[in-house]
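Working through the structure, step by step
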Amino acid sequence: MARPSALRLLVVDDDALVREALASFFAGQPDVTVVGEAHDGREAVERYEVLAPDVVLMDLQMPRLSGIDATRQICTRHPSACIVAMTTFGTRDYVVAALRAGASGYLLKDTRGPEVMAALAAARAGEMPLSSGVRRDLVSTLVQDAAPTEPADPGLTPRERELTQWLAHGLTNRQIASRMHLSEGSVKQYLTRVAEKLGVGSRTQVLVRTIQLGIVDPSALPPLGT
C-alpha cells in the first residue's frame, strides 16, 4: 500500500532490466511509491487511466506506441498530468518533442539517484525548470514552426503576462518571485491561473502555448540583469 505522503510513481520502459533497477532503487526511498509499471506507450496510457499516479517516469523510445505519443495522449485527456521523460545522451530531438507533447521535464537515464529524487519532487510541485540547452532547442523549434496566424487573446492580465516572460527565461518560482516582488505561493497561484486560461497543465506547456500565441517573443524578453 502506498504511504500517504509518498509520491505515487508510474514507471514506463520497454527494458525489463531498467524497470527492475528503477523499482529496486525506489523501494529504498521513503518518499516514493511505485504504484505500477508499463512496458510500452500503449500500456502506459491504460495504466495511467487506472492508477492516476502523481508522476509518470516515461521512456521515449518504445514499441507499439512511443513515449512521445503516449505523453501526448495522456496530457490531452488529463491536462494536469505530470510526466517526466527519460532519455539517453544524443536524443535531444526526442526530448524536445516530448516537451511539446506535454511532458513537464526530462531526465537522462544515467542521472544519479539524489538528482532523480530531487527532479521527481520538483515535478510533483510544478517546479521542473529545463536545462538551458533544452529550453533553447524547444524555443527555437517553436519559433521555426510558428504559423503566421492571428494571435488569440486568452485574457492574461499584465502581471500574468510578465510572469510568462520570466518563465521563458527558465526561472524557478523562487527566482520569479524575487523579480516580481511576490511570495512563491503567489507565483504558483499566478501560474495556475495562466495555465487554466491557456487550457494547459504544466509550466512547460505554458511556455509552449504563449510562444505559439505570440504572447512571448523569445527575441524580446526582459533582461535578467544581475
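The structure contained in this document is the topic of the report that follows. (Residues numbered from 1 in each chain as written. Predicted model: local features only at pLDDT ≥ 70, side-chain atom pairs only at ≥ 80, totals over all residues. Heavy atoms only, no water.)

1. Some points on the pattern of salt bridges
Where side chains of opposite charge bring their charged atoms close, a pairing between them can arise. With the rule as written, the count across this model stands at eleven salt bridges. Among the ionic pairs, Glu 49 bridges to Arg 77, the shortest N-O distance being 3.6 Å. In this pair, Glu 49 sits in helix α2 (residues 41-51) while Arg 77 sits in helix α3 (residues 67-77), placing the two residues 28 residues apart along the sequence. Overall, Glu 49 belongs to the partly exposed group, its relative accessible area being 40%. Taking the shortest distance from any N to any O, the salt bridge between Arg 174 and Glu 184 comes out at 3.1 Å. One end of the pair, Arg 174, is in helix α8 (residues 173-180); the other, Glu 184, is in helix α9 (residues 184-198), with ten residues separating them in the sequence. On the accessibility criterion, Glu 184 (33% relative accessible area) is partly exposed. Here the residues in one salt-bridge network are Asp 13, Asp 59 and Lys 109, joined through shared partners. (Salt bridge = Lys/Arg side-chain N within 4 Å of Asp/Glu carboxyl O. Helix = DSSP H or I, 4+ residues; strand = E, 2+ residues; numbered from the N terminus. Buried < 20%, exposed > 50% of the residue type's maximum accessible area, 1.4 Å probe, protein only.)

2. With respect to the packing of aromatic side chains
The relative placement of two aromatic rings is captured by the distance of their centres and the angle of their planes. The full count for this structure, using the stated rule, is one aromatic pair. A cation sits over an aromatic face here: Arg 179 above Trp 166, 5.7 Å from the ring centre. (Phe/Tyr/Trp six-rings, centres within 6.5 Å; stacked < 30°, edge-to-face > 60°. Lys NZ or Arg CZ within 6 Å of the ring centre and 35° of its normal.)

3. Observations regarding α3
Gly 67, Ile 68, Ala 70, Thr 71, Ile 74 and Cys 75 are the residues of α3 that are buried. What you see down the axis of α3 is that its buried residues fit within an arc of 160°, all on one side. Its buried side turned inward, α3 meets α2, β3 (55-59), β4 (83-87) and α4 (92-101). (Arc of directions from axis to C-beta. Contact = heavy atoms within 4.5 Å.)

4. A closer look at the nonpolar core
Judged by nonpolar contacts, the single largest core of 19 residues is most densely connected at Leu 60, Val 95, Ala 98, Leu 99, Leu 138, Leu 207 and Ile 211. Elements supplying a minimum of two residues to this core: α4, α6 (132-145) and α10 (203-212). In terms of residue count, the dominant contributor to this core is α4 (five residues). Not counting residues within four places of it along the chain, the set of residues in contact with Ala 98 comprises Leu 60, Ile 68, Thr 71, Ala 85 and Ala 103. (Core = buried A, V, L, I, M, F, W, Y, C linked by side-chain atoms within 4.5 Å.)

5. Let's talk about the sheet that holds strand β2 (residues 32-38)
Within a sheet, each strand pairs with its neighbour through backbone hydrogen bonds, oriented either parallel or antiparallel. The strand order β2-β1-β3-β4-β5 describes an open sheet built from five strands, whose pairing is parallel. Every interior strand has two partners, whereas the edge strands, β2 and β5 (105-108), have only one. Neighbour-to-neighbour, the strand axes of the sheet open up by a mean angle of 25°, direction not taken into account. Packing against the sheet, helix α1 (residues 16-27) makes contact with β1 (7-12), β2, β3 and β4, and its axis sits at approximately 165° to β2. (Pairing = 2+ DSSP bridges. Axes fitted to C-alpha atoms, helices over the stretch in contact; angles between N-to-C directions.)

6. Some words on the packing of α8 against α9
Contact geometry for α8 and α9: axes closest at 8 Å, N-to-C directions at 100°. Taken together, the axis directions place α8 and α9 in an arrangement best described as roughly perpendicular. Of α9, the residues touching α8 (which contributes Asn 173, Arg 174, Ile 176 and Ala 177) are Glu 184, Val 187, Lys 188 and Leu 191. (Parallel < 35°, antiparallel > 145°, perpendicular 65-115°, else oblique.)

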